[in-house]
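Survey of secondary and tertiary structure
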2 protein chains.
Amino acid sequence: MKALVYVGLKPGVLDPQGRTIARSLNDLGFGEVESALQGKVIELDLTGDDLTAAEARVVEMCEKLLANTVIENYRIEMRAE
Amino acid sequence: MKALVYVGLKPGVLDPQGRTIARSLNDLGFGEVESALQGKVIELDLTGDDLTAAEARVVEMCEKLLANTVIENYRIEMRAE
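Residues numbered from 1 in each chain as written. Chains lettered and ligands numbered in written order. Predicted model: local features only at pLDDT ≥ 70, side-chain atom pairs only at ≥ 80, totals over all residues. Heavy atoms only, no water.

1. Quick word on helix α2 (residues 51-66) of chain A
Turn by turn, an α-helix covers 3.6 residues, leaving residues three or four places apart pointing in a common direction. Selection criterion: Working definition: helices are DSSP H or I runs of at least four residues, strands are E runs of at least two. Numbering for both runs from the N terminus. Helix span, expected: 1.5 Å multiplied by one less than the number of residues in the helix. Classification of residues uses two cut-offs on accessible area relative to the type maximum, computed with a 1.4 Å probe and protein chains only: under 20% is buried, over 50% is exposed, and between them is partly exposed. For this quantity, the arc is that covered by the directions from the helix axis to the C-beta atoms. Throughout, a contact is declared for two residues whenever any of their heavy atoms are within 4.5 Å. In protein, a polar contact requires one atom able to donate a hydrogen and another able to accept it; more generally it is a pair of N or O atoms within 3.5 Å, and residues adjacent in sequence count only if both atoms are side-chain atoms.
The first and last C-alpha atoms of α2(A) sit only 19 Å apart over 16 residues, clearly below the 22 Å expected at 1.5 Å per residue. Along α2(A), the residues that are buried comprise Ala54(A), Val58(A), Met61(A), Cys62(A) and Leu66(A). Looking straight down α2(A), one finds its buried side chains confined to an arc of 100°; they lie on one side. Those residues of α2(A) that are exposed and aimed more than 90 degrees away from the buried face are Thr52(A) and Lys64(A). In this fold, the buried residues of α2(A) make contact with β1 (2-9), β2 (33-46) and β3 (72-79) of chain A together with α1 (16-27) and β2 (33-46) of chain B. If you check the start of α2(A), you find a side-chain oxygen 3.1 Å away from the backbone N of Thr52(A), and it comes from Asp50(A).

Written as C-alpha cells, this is what we have:
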C-alpha cells in the first residue's frame, strides 16, 4: 500500500524559495511565470491492507513529523497498489 | 493557468532524505513504514490560455532549472483555472 503526502506552506506564509524560482524563471526568459510555490511530496510504502486505518496513521505521521502544522498544510492520497 | 511540476529522484539514485524519514517514522512507532521517497512539487501561476503551448514551455523550464535531469525525473500537470 502507498500513501502520497503533499506538504505546502499555508496561504500568507512567506515563500522565499517560490519567489526565487519565479524570479529565476523570469530571468531565463519565461516572462509568463507570475508566481511559484514550492512544496514537498513524500511517498510512503506501508505494510497492511486496511486503507482507512492506514490513512489515520498517516495523519498522525504528518502531525508528528512530516509537516510543520504551524506554517504548513498537508494533503494525503492513499493508493492500494 | 496553473502548472504543477512533480520532481523526484530517478529509481536507483540514493535518497538519504527518504531513508531518514522512514527511519524516523519507525523510531516514532510507525513500524508499518517500509520506505519513503521525498520529492518536490512546484506550482506555477502562468499568464496565457494555450495549455499546449504553455506545457511545452514548462518542459523547457524543467530542463533548464526546475529539475536536475541527471538524477531527477519530472512530471507536469496543467490546469486551466
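That covers the picture; the talk isn't over yet.
2. A short note on the packing of aromatic side chains
Threshold: To pair, rings of Phe, Tyr and Trp, with the six-membered ring standing in for Trp, must have centres within 6.5 Å; the planes then decide the type, stacked if under 30 degrees apart, edge-to-face if over 60, and tilted in the middle. Charge-over-ring contacts are defined here by two conditions on Lys NZ or Arg CZ: a distance within 6 Å of the ring centre and an angle within 35 degrees of the ring normal.
Per the stated rule, a full pass over the model turns up one aromatic pair over all chains. Over the aromatic face of Tyr6(A) sits the side chain of Arg75(A), whose NZ or CZ is 4.2 Å from the ring centroid.

3. Focus on the relation of the copies chain A and chain B
Put simply, the test is: Superposing copies: least-squares fit, C-alpha atoms only, residues required to have pLDDT of at least 70 in both.
Each copy superposes on the other: chain A lies on chain B with an RMSD of 0.0 Å after a rotation of 180° and an axial shift of 0.0 Å. The two molecules are tied by a two-fold rotation axis, judged by turn and shift. Looking at the rotation axis and the C-alpha trace of chain A, the residue lying nearest is Lys40(A), at 2.3 Å. Of the interface residues in chain A, 100% have counterparts in chain B that sit at the interface too, so the contact is made through matching surfaces.

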